[in-house]
There are 4 protein chains.
Amino acid sequence: MKKNFLTSPPMGWNSYDYYDTTVTEADVKANADYMAANLKEYGWEYVVVDIEWYSYNTGTRRNEHQYIPFEAVEMDEYSRLLPCPQRFPSAVNGAGFKPLADYVHNLGLKFGIHIMRGIPRIAAHTHTKIKGTDVPASEIAVFNNICWWNPDMYGVDPNKDASQIYYNSLLDLYAEWGVDFIKVDDICRMDAPTAEKEIIMLHNAINQCGRDIVLSLSPGPAKIDKAWCYERYANMWRITDDFWDNWPLLLNMFERCELWERHVSDGSYPDCDMLPIGKIGKGFFGEHDTNFTMDEQITMMSLWCMFKSPMMIGAELTKLDDETLSLLTNKDILGLLKLRNQARQLVRNKNEAVWMNTDDNYTYIELFNLSDDKKEVSFDLSELGIKAEKAEELWTKENVCINHNILISDIPAHGAAVYRI
Amino acid sequence: MKKNFLTSPPMGWNSYDYYDTTVTEADVKANADYMAANLKEYGWEYVVVDIEWYSYNTGTRRNEHQYIPFEAVEMDEYSRLLPCPQRFPSAVNGAGFKPLADYVHNLGLKFGIHIMRGIPRIAAHTHTKIKGTDVPASEIAVFNNICWWNPDMYGVDPNKDASQIYYNSLLDLYAEWGVDFIKVDDICRMDAPTAEKEIIMLHNAINQCGRDIVLSLSPGPAKIDKAWCYERYANMWRITDDFWDNWPLLLNMFERCELWERHVSDGSYPDCDMLPIGKIGKGFFGEHDTNFTMDEQITMMSLWCMFKSPMMIGAELTKLDDETLSLLTNKDILGLLKLRNQARQLVRNKNEAVWMNTDDNYTYIELFNLSDDKKEVSFDLSELGIKAEKAEELWTKENVCINHNILISDIPAHGAAVYRI
Amino acid sequence: MKKNFLTSPPMGWNSYDYYDTTVTEADVKANADYMAANLKEYGWEYVVVDIEWYSYNTGTRRNEHQYIPFEAVEMDEYSRLLPCPQRFPSAVNGAGFKPLADYVHNLGLKFGIHIMRGIPRIAAHTHTKIKGTDVPASEIAVFNNICWWNPDMYGVDPNKDASQIYYNSLLDLYAEWGVDFIKVDDICRMDAPTAEKEIIMLHNAINQCGRDIVLSLSPGPAKIDKAWCYERYANMWRITDDFWDNWPLLLNMFERCELWERHVSDGSYPDCDMLPIGKIGKGFFGEHDTNFTMDEQITMMSLWCMFKSPMMIGAELTKLDDETLSLLTNKDILGLLKLRNQARQLVRNKNEAVWMNTDDNYTYIELFNLSDDKKEVSFDLSELGIKAEKAEELWTKENVCINHNILISDIPAHGAAVYRI
Amino acid sequence: MKKNFLTSPPMGWNSYDYYDTTVTEADVKANADYMAANLKEYGWEYVVVDIEWYSYNTGTRRNEHQYIPFEAVEMDEYSRLLPCPQRFPSAVNGAGFKPLADYVHNLGLKFGIHIMRGIPRIAAHTHTKIKGTDVPASEIAVFNNICWWNPDMYGVDPNKDASQIYYNSLLDLYAEWGVDFIKVDDICRMDAPTAEKEIIMLHNAINQCGRDIVLSLSPGPAKIDKAWCYERYANMWRITDDFWDNWPLLLNMFERCELWERHVSDGSYPDCDMLPIGKIGKGFFGEHDTNFTMDEQITMMSLWCMFKSPMMIGAELTKLDDETLSLLTNKDILGLLKLRNQARQLVRNKNEAVWMNTDDNYTYIELFNLSDDKKEVSFDLSELGIKAEKAEELWTKENVCINHNILISDIPAHGAAVYRI
């Protein structure tokens, strides 16, 4: 059974939204430095290196390929990928991510990496061994078990003992490096027939490696009929495909949160994906400011925190402006992530949504205006069996009066208000 | 919002498994009498008249039709179906089900009826009115919104005000009669495009009728992506198509309970369907004893109670044998229905399943042998962070010793053991 | 086996595109008069009364319903629908369509009607009899076998003998009236599980009625894997859902013709649907001129004739302008319908299509410009193993020179050129 | 456009049914010798080497893999696979299949080979070049375009010019070798998104190579909505997945032939797959005699010949028994393959099927008993508008009398009779 060392969803930074496949050791350190200095006190702690850290020449043919097929990768003799020294110079001589993890740990933060499900294709074609065995990679690699959008790996055969040994060897290596978090890709929505079994193998590998490592599954949407599997074996799982800074995706997240709200519990977090705020997109087709309005960002932060989604910042931290920073450092809003009860959606229709949660002292109610115009949104507190005459809005810190027990707010288009009552 | 007057799932008897469409007033009274005398003290209280109580000549062409198409039905001037006096003599002169409900209430029990979603086809074709309006049934009936397996009704148009008025008039009538429970059919799995809106109309109609009436939805399987709707508007909803006495259906229920376990809460119960035990099937093709072995019945009772499914007996009560009666009167097992926490599946594979729940004093663990052979099933209590040296098995009342903190039981094929620790 | 009295596809006029459900006897006569005077000599001969000729008050609630549910219909004692005397006054006193058919025949033309698959719903609910039997309609009507878009009928049970007797009684009546063509609706794309068997029953009913009656099946798209059934039992079958005057539908027809080109043979014609030209739409939401450009109309006429689709004019004939009339009276183009060989598509891509057919003397080649701009379209005649130096374009009657054996034409957007070589 | 040098479907022998992946040069020669001596005069002429002729160690791990993943293959410097010298010793020193093709040609026969769609995976991973270019295989190989059942290849990108150049280089090589027939696999049912374009590239490559080479596409079922593509670019295409010696597959072929009967024409043959008769299966899990009864074999031969399917013998020819040989040397039956008209199914139901074709002098009618018992099958010749009093059965050479113009035959279970009238 899953070891549960989390009582609230992980919070941190992830390199993908800004750097795509091009993040370097220097970039990671700069973001970690910023986090330690400005965000750590608010609970932000994970620094995660996303996809393709093992590949050469990443980003050099971006118009053709996000992931260059058949490109060289850095790999050890045991079919295990290593950081590419082109971008991670401290990884030379087999040091792997240990120097970078040490750096992050020294800042009082935690270190995470992304991996693809499976074993490198090149390992199968060159018959490198699995550590501690005489079994070559070609014996566990499944030739027709591939990721449709990334060319690096073959899935492994769960019926072969060496497959578990391979995953164990991976996690042993990551534990040596000091990895605290793995985001495993091409696994969550179970495109591959072996995905469920590979989740269990990863869980087993973590359990045996001697280190507390968060298991994060990507990409979504996760399958609701596999909720029990995710809850039992993983810590977080993406409930959407890649989330970006446009309103239809954000609007759609309300439907996804409705679907998954009953599956939030200690150590188990349906994941709304990274926060595409601030400066993003440099590794894609050029750095840009988030397309979300400030009201939409408030909606996003309010929903993610109420729902207790994992919180991973997509922005380049060193370029954060004050307004964005203020979104990330609102202790009342972030406090929703720590509530012990399950949040619940009360209303969802074309124009509005209402969510709530409680702790011993307060009821927290979020009113969302999903329409494209400024709009009054209200909720009758009697439906919850509570009576109140005033409330505090947690973004503005304003105290408001409640008449006839009906909470009313005038909310901008795509905006939200969060009340503590 | 739903008025919530239930803190545990409804328990009772339903006429379908034994009588199909042929149940009479005398049959209902006899079963109610038995329940009052023998089962009431264990919590059994609902007496439910299932399908076709409004139709003439039911059961007379059983080889051709379960539900005779275009057959005469009893209906009032307001397009509302009434009990057919052929089988419910006390219903004459517009008395409806009031006399029978009174009888059941006088026994200290509760009275329920089945209805089909929609408005009678014949009402549409003869243009009878909706009560309190000049609108004919033909204005709200939707000609292509039909049930595929029952010929009686047309679905109603949720965009017409008179549709809500019609449902209100139905529930007003049922409240007058003293109905405590309605099982609405052709609605739960949302075959019809209007089903979700008809659920809300039914919920509204109940809220306005002035009586606490349980809203039960049939048939399943319910749609998991509509869980929020069921939880918000209904009290129970079928998570399976009709459940009968064969092992593959019972085995399959473990998968269904896994899917729905997070959606059990006060007043909201995913429904595993009636218990096809004792004598059943008379109205179908002849009375027979349940095909379930006693071990399978123990498995069924254990799972239903742990999961907190509604409990509706399918047997003809007056013919219950002692062994079956003992299944229905085990206070420890039935006590699981009252636990305040959500039960959880801990293990499910081809051969075994393990479920648990807790209260302030105890942990309850069920071990199931899903294989076709006698088998030892075990569970390491350490996984739950508990330590124990003994436990009581709640079917046999035997105390067992626990070695090395591992609960072990030798369980017959398709059987179960239930431990209180 | 099908009696085959057709050697080229039927040509005629159909009331639907202009009148929808509102066509009257006077309208039919006026169009027949026009056809006899102006079109008959070019091969146009069928005059077809489309949907709802048996219903009262058609078109009176057009904003709500194209087909008014539960509205009164004219029906005989044998469950057979009759023309509604509101719109067909000559049908009174049981005369049915005989007087109108006689009128059409006296003009040297042929008479057709539309029917819906099945038996009237009201016949089932009122238990009227099947002619020559004691069987009531309710015994053959199938309560859950309905058309999704028209409320009039129930499908019939092909396992009951009385169902064939019912269809025979219908065709006997139509033969008495002098009907030459039936367009049977809700049957071609086999939405209903009984559709294939109802096609065979209709075919049998025609074979026994003693009159040559064309069997036309609607709506499409027909199922390609049922091609053998259509070819064996019907004379024409729709390969598309309702076709209207917009370019995407016309463009799409090239794909459909490709799919069906091998299934054109004597007496068997995949049907591209009516020609929405001239004045259309009065019974819908107001008369308007076709939205097709003249080039698009040339494309449509060229493709339909080459493919040997049935040709049914949708326009109100009495309002035909000269240009539209010229489209319908080009003997060279219409002559393609009489070719004895199967036409073949030679090219189809995003921007162009080429079709051909041959007779003993000539090769006919059509070049289509499917793009949105004027464009040169060419075809190398060597591919067909033919050599030519000149050709005649059949719309313009121009002679053109062919250089290097390559047929080239500068064609307007969405236009066509038709060459006889 | 396709060069058409075929006027009847190809006839020959294919190594797959007997040898699977293990066929050797000696085996091919032995079968070619037999064909030349015993079958050539009846029209059999193609000798086809099926799958994996380029792979090492084929068949050595048959319990695990039909096609060993990541196994060594023989390949030239231009990413083109060559015969593996382990099994084709004459291929050494770059001779390829030329010596074997010469051998076959010297017997007066034709030589064919199987290939997989695409370019070898190992070519992509090792970046070998495309002939005549500087483009490495990795530039045209598509990392996620794979065959699901064979590990050898990546599909190629049809948007890259070098992909056509690659296919041209393949066909140039095959033309040099003297190949007369290529069976291209993983392409016919268009599992891969590029399949249709790869068919066209193969067609182009054949057209430019200077040799008449039959293009055969596998595996089926082909997509009926792509019939135009197959007819235009290929010579034969499989209408079924692999066909083996069991009755349900043979019975199912009647449905498939119905679907495709209109698509048979000169040079274009829907393909019912090899004839699994005589001794087969050695390379699978052991040699065995066909499981078809002789009546079933007569049914198969009758249907294939009437339908004009390509005829490829699956048996090891050197082990043919006399009865099987007689099936393959019945000139009257094989003569059906040469008829100039399209054959037509006249009847198909659960128990029987009737097919026909004609030439200038005769009508040919096949009666099939599809039921599991001996049965009289009859057909009324009047349906075809012909009259006859006698007929010859072409398997038995018996003359039969026809009474009342009805052809009647008493046919064994799963058997057939073929009449010339």
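Just so it is clear, the structure is predicted and the values come from calculations on it, not from any experiment. (Residues numbered from 1 in each chain as written. Chains lettered and ligands numbered in written order. Predicted model: local features only at pLDDT ≥ 70, side-chain atom pairs only at ≥ 80, totals over all residues. Heavy atoms only, no water.)

Chemist: Let's hear about the relation of the copies chain D and chain A: which residues, and what values?
Modeler: By a simple turn and slide, chain D fits onto chain A: the slide is 0.0 Å along the axis, the RMSD is 0.0 Å, and the turn is 180 degrees. On the angle and the small slide along the axis, the relation comes out as a two-fold axis. For chain D, the minimum C-alpha distance to the rotation axis belongs to His 125 of chain D and amounts to 4.0 Å. Interface overlap between copies is the fraction of interface residues in one copy that are interface residues in the other; for chain D against chain A it reaches 100%, indicating a shared surface. (Least-squares fit on C-alpha atoms with pLDDT ≥ 70 in both. Contact = heavy atoms within 4.5 Å.)

Chemist: Describe the nonpolar core, listing the residues and the values that go with them.
Modeler: If you look at the biggest cluster of nonpolar residues, it comprises 525 residues, and the most contacted ones within it are Ile 182 of chain A, Ile 182 of chain B, Ile 182 of chain C together with Trp 53, Tyr 174 and Ile 182 of chain D. The residues touching Tyr 174 of chain D, leaving out its near neighbours within four places in the chain, are Trp 53, Ile 113, Ile 115, Val 179 and Ile 182 of chain D. (Core = buried A, V, L, I, M, F, W, Y, C linked by side-chain atoms within 4.5 Å. Buried < 20%, exposed > 50% of the residue type's maximum accessible area, 1.4 Å probe, protein only.)

Chemist: Could you give me a rundown of the sheet that holds strand β4 (residues 119-120) of chain C, with the residues and numbers involved?
Modeler: Residues and elements named next belong to chain C. Read across the sheet, 3 strands follow the order β4-β6-β5 without closing on themselves; strand pairing throughout is antiparallel. A single partner strand is all that each edge strand has here, and the edge strands are β4 and β5 (141-146). With 2 bridges connecting them, β4 and strand β6 (residues 153-156) associate as antiparallel partners. By the bridge assignment, Ile 119 is partnered in β6 with Tyr 154. Those strands touched by helix α6 (residues 161-177) are β4 and β6, and its axis lies near 120 degrees from that of β6. (Pairing = 2+ DSSP bridges. Helix = DSSP H or I, 4+ residues; strand = E, 2+ residues; numbered from the N terminus. Axes fitted to C-alpha atoms, helices over the stretch in contact; angles between N-to-C directions.)

Chemist: Any chance you could break down the sheet that holds strand β13 (residues 311-313) of chain A for me, citing the residues and the numbers?
Modeler: Residue and element names in this part refer to chain A. Strand order across the open sheet formed by 8 strands is β10-β9-β8-β7-β3-β2-β1-β13, with parallel pairing between neighbours. Every interior strand has two partners, whereas the edge strands, β10 (269-271) and β13, have only one. Going across the sheet, the axis of each strand differs from the next one's by a mean of 25 degrees, ignoring polarity. Sitting on the sheet, helix α7 (residues 195-209) is in contact with β3 (110-116), β7 (181-185) and β8 (214-217), with an inclination near 165 degrees to β8.

Chemist: Account for the pattern of salt bridges, with residues named and values stated.
Modeler: Close approach of charged atoms allows side chains of opposite charge to pair. As enumerated under the stated definition, the model contains 120 salt bridges over all chains in all. Of the charged contacts in the structure, one is a salt bridge between Arg 62 of chain A and Asp 20 of chain A, with a shortest N-O distance of 2.7 Å. Taken together, the positions of Arg 62 of chain A in the loop between β2 (46-49) and α3 (98-106) and Asp 20 of chain A in the loop between α1 (16-19) and α2 (25-38) put the pair 42 residues apart, joining distant regions of the chain. You can call Arg 62 of chain A buried: its relative accessible area is 14%. Close ionic contact of Lys 279 of chain A with Asp 289 of chain A constitutes a salt bridge, the shortest N to O distance being 3.1 Å. With Lys 279 of chain A in strand β11 (residues 279-280) and Asp 289 of chain A in strand β12 (residues 288-289), this pair connects stretches of sequence that are 10 residues apart. Beyond isolated ion pairs, a larger network of salt bridges with shared partners links Arg 61 and Glu 64 of chain A together with Glu 139 and Lys 160 of chain D. (Salt bridge = Lys/Arg side-chain N within 4 Å of Asp/Glu carboxyl O.)

Chemist: Describe the interface of chain C and chain D, with residues and values.
Modeler: The interface is formed by 18 residues belonging to chain C together with 18 residues belonging to chain D. Carbon and sulfur atoms make up 51% of the area that chain C and chain D hide from each other, which totals about 1800 Å². The interface formed by chain C and chain D includes 6 salt bridges. Sort the elements by how many residues they give to the side of chain C that touches chain D and strand β14 (residues 344-348) of chain C lands first, with 5 residues. Looking at the side of chain C that touches chain D residue by residue, the class counts come to 6 nonpolar, 3 polar and 9 charged. (Buried area = accessible area lost by both parts, 1.4 Å probe. Nonpolar A, V, L, I, M, F, W, Y, C, P; charged D, E, K, R; others polar.)

Chemist: Which residues make up the side chain of Asn 144 of chain B, and what values go with them?
Modeler: In this fold, Asn 144 of chain B is placed in strand β5 (residues 141-146). A relative accessible area of 19% places Asn 144 of chain B in the buried class. Among residues more than four places away in sequence, those in contact with Asn 144 of chain B are Ile 146, Cys 147 and Trp 148 of chain C.

Chemist: Describe the pairing of strand β14 (residues 344-348) of chain D, listing the residues and the values that go with them.
Modeler: Residue and element names in this part refer to chain D. Here β14 pairs with strand β15 (residues 352-358) via 4 bridges, running antiparallel. By the bridge assignment, Gln 345 is partnered in β15 with Trp 355. Where β14 folds back on β15, the antiparallel hairpin that results is connected by 3 residues.

Chemist: Break down the layout of surface pockets for me, citing the residues and quoting the values.
Modeler: Size it by volume and the second largest pocket reaches roughly 1500 Å³. If you trace the second largest pocket, you find 49 residues lining it, with Arg 262, Val 264 and Gln 342 of chain C together with Arg 262 and Gln 342 of chain D closest to the centre. Elements represented by at least two residues in the lining of the second largest pocket include exactly α8 (227-233), β14 and β15 (352-358) of chain C together with α8 (227-233) and β14 of chain D. When the residues that make up the lining of the second largest pocket are grouped by side-chain class, the tally is 16 nonpolar, 17 polar and 16 charged. (1 Å grid on protein atoms, 1.4 Å probe; cavity = no way out; pocket = protein on both sides within 12 Å on 5 of 7 lines; lining within 4 Å. Points joined across faces, edges and corners; volume = space filled by probe spheres on them.)

Chemist: Please provide a residue-by-residue account of the interface of chain D and chain A, values included.
Modeler: Taken together, the contact between chain D and chain A spans 23 residues of the former and 23 residues of the latter. Our enumeration of links across chain D and chain A arrives at 2 salt bridges. Ionic pairing is found between Glu 139 of chain A and Arg 61 of chain D, a salt bridge with its closest N-O pair at 3.0 Å. Summed over the shared surface of chain D and chain A, the result is 10 residue pairs in polar contact (both at pLDDT 80 or more). (Polar contact = N/O pair within 3.5 Å; in protein donor to acceptor, adjacent residues only side chain to side chain.)

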